[in-house]
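Working through the structure, step by step
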Amino acid sequence: DSGVTQTPKHLITATGQRVTLRCSPRSGDLSVYWYQQSLDQGLQFLIQYYNGEERAKGNILERFSAQQFPDLHSELNLSSLELGDSALYFCASSRRLYNEQFFGPGTRLTVL
Amino acid sequence: GENVEQHPSTLSVQEGDSAVIKCTYSDSASNYFPWYKQELGKRPQLIIDIRSNVGEKKDQRIAVTLNKTAKHFSLHITETQPEDSAVYFCAADFNDYKLSFGAGTTVTVRA
């Protein structure tokens, strides 16, 4: 157990819908990262927050957005969902920038 | 750019033999290189990492080497065991704070 928690574990929804994925970092970690892992694919970096502020963006679609709250938990919002958005979404956290990232268990999103 | 290439994509080894996975990166400013192991359906787990001021690091049966001049780093697993079977990802940390991952290597250890 890495200490990073993600909810929900599984999510099944329909095309066009909107969902919110939640992540709680390890105690004391200030940085949160979101990754997408499609079937048989590697880890694609989406976005990073550090102490409430956005720090880096990857290939995140405009339909996706995220934020980090004052208590440091983070939410990833996915809207106008498409079949291709079906994937595992991982959150990771680290103590500061340039530190080891520890991954949560992931949320498996299925878009039907 | 932030490109990390990983080879091979699949690797099958006999139990007890060694496994080597190689990665190259594009940005000479990279200074942090972690390796993650991901078992089927589970989270990626950090198994070892190396920073640019070190050429080699070892932890029991796992070692990582870094050649900054050539911009490549490698994971070495010795005396492989069935529980080493998993997908291994290399990554490089770029100065804009994000990790770029390689495409992964599926390692199968044959009993």
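Residues numbered from 1 in each chain as written. Chains lettered and ligands numbered in written order. Predicted model: local features only at pLDDT ≥ 70, side-chain atom pairs only at ≥ 80, totals over all residues. Heavy atoms only, no water.

**Some words on the overall build of chain A**
Cut-off, in case you're wondering: Runs of H or I in DSSP of at least four residues are treated as helices and runs of E of at least two as strands, each being numbered from the N terminus. Note on method: radius of gyration uses C-alpha positions; expected globular size equals 2.2 Å times residues raised to 0.38. Contacts: residue pairs with any heavy atoms within 4.5 Å of one another. Here the Shrake-Rupley method, with its probe set to 1.4 Å, supplies the accessible areas, and only the displayed protein chains count as covering residues. Counted as positive: Lys and Arg. Counted as negative: Asp and Glu. His and the chain ends are not counted at all. Where a charge lies is defined by one atom per residue type: Lys uses NZ, Arg uses CZ, Asp uses CG and Glu uses CD.
A tally of regular secondary structure across chain A gives zero helices and 11 strands. For chain A, the C-alpha radius of gyration of 13 Å lies close to 13 Å, the compact-globule estimate for 112 residues. In chain A, the proportion of contacts linking residues at least 24 apart, taken out of those at least 6 apart, comes to 55%. Carbon and sulfur atoms form 46% of the exposed surface of chain A, whose accessible area is close to 5,300 Å². Each charge sign in chain A was given a centre, from 10 positive and 11 negative side chains, and these centres are 3 Å apart.

**Points about the pattern of salt bridges**
Residue and element names in this part refer to chain B. The cut-off we apply is this: Put simply, a salt bridge is a Lys or Arg side-chain nitrogen that is within 4 Å of an Asp or Glu carboxyl oxygen. Each residue is placed in one exposure class: buried if its accessible area under a 1.4 Å probe, protein chains only, is under 20% of its type's maximum, exposed if it is over 50%, and partly exposed if it falls in between.
Within this structure, the stated rule accounts for nine salt bridges over all chains. Residue R61 pairs with D84 through a salt bridge whose shortest N-O separation is 2.9 Å. With R61 in the loop between β6 (56–59) and β7 (62–67) and D84 in the loop between β8 (72–77) and β9 (86–93), the pair connects residues that are 23 residues apart, well separated along the chain. Under the relative-accessibility criterion, R61 is labelled partly exposed at 22%.

**A few points about the interface of chain A and chain B**
Worth spelling out the cut-off: What gets called buried area is simply the loss in accessible area from a 1.4 Å probe that two parts show on being joined, summed for both. Polar contacts, as used here, are pairs of N or O atoms within 3.5 Å; protein pairs need one atom able to donate a hydrogen and one able to accept it. Residues neighboring in sequence count only if both atoms are side-chain atoms. Residues are sorted three ways: Asp, Glu, Lys and Arg are charged, Ala, Val, Leu, Ile, Met, Phe, Trp, Tyr, Cys and Pro are nonpolar, and all the rest, Gly among them, are polar.
Listed per partner, the contact involves 24 residues of chain A and 20 residues of chain B. Interface area for chain A against chain B, summed over the two sides, is near 1,800 Å², with a carbon-plus-sulfur share of 55%. Our count for the chain A to chain B interface comes out at zero salt bridges. Here chain A and chain B share four residue pairs in polar contact (both at pLDDT 80 or more) between them. For the side of chain A that touches chain B, the elements supplying multiple residues, two or more each, are β4 (31–37), β5 (44–50) and β6 (53–57) of chain A. Within the side of chain A that touches chain B, the residues separate by chemical class into 11 nonpolar, nine polar and four charged.

**Focus on the side chain of S30 of chain B**
All names here are of chain B. On the secondary structure map, S30 appears in the loop between β3 (19–25) and β4 (32–38). According to the relative accessible area criterion, S30 is buried, its value standing at 0%. Of the polar contacts made by the side chain of S30, one reaches the backbone oxygen of D27; its length is 3.0 Å. Contact partners of S30, with chain neighbours within four places excluded, come to Y25, S52, K68, A92, D93 and F94.

**So, the state of the cysteines**
Residues and elements named next belong to chain B. Put simply, the rule is: Cysteine sulfur pairs qualify as disulfides if the two atoms are within 2.5 Å.
In the structure shown here, the tally under the stated rule is two disulfides over all chains. Between the sulfur of C23 and that of C90 lies a disulfide, 2.0 Å long from S to S. Its S-S torsion of approximately -100 degrees makes the covalent link between C23 and C90 left-handed. Residue C23 is found in strand β3, and its partner C90 is found in strand β9; the two are separated by 67 residues along the sequence. Of the two residues, C23 and C90, neither departs from the other in class, the shared state being buried.

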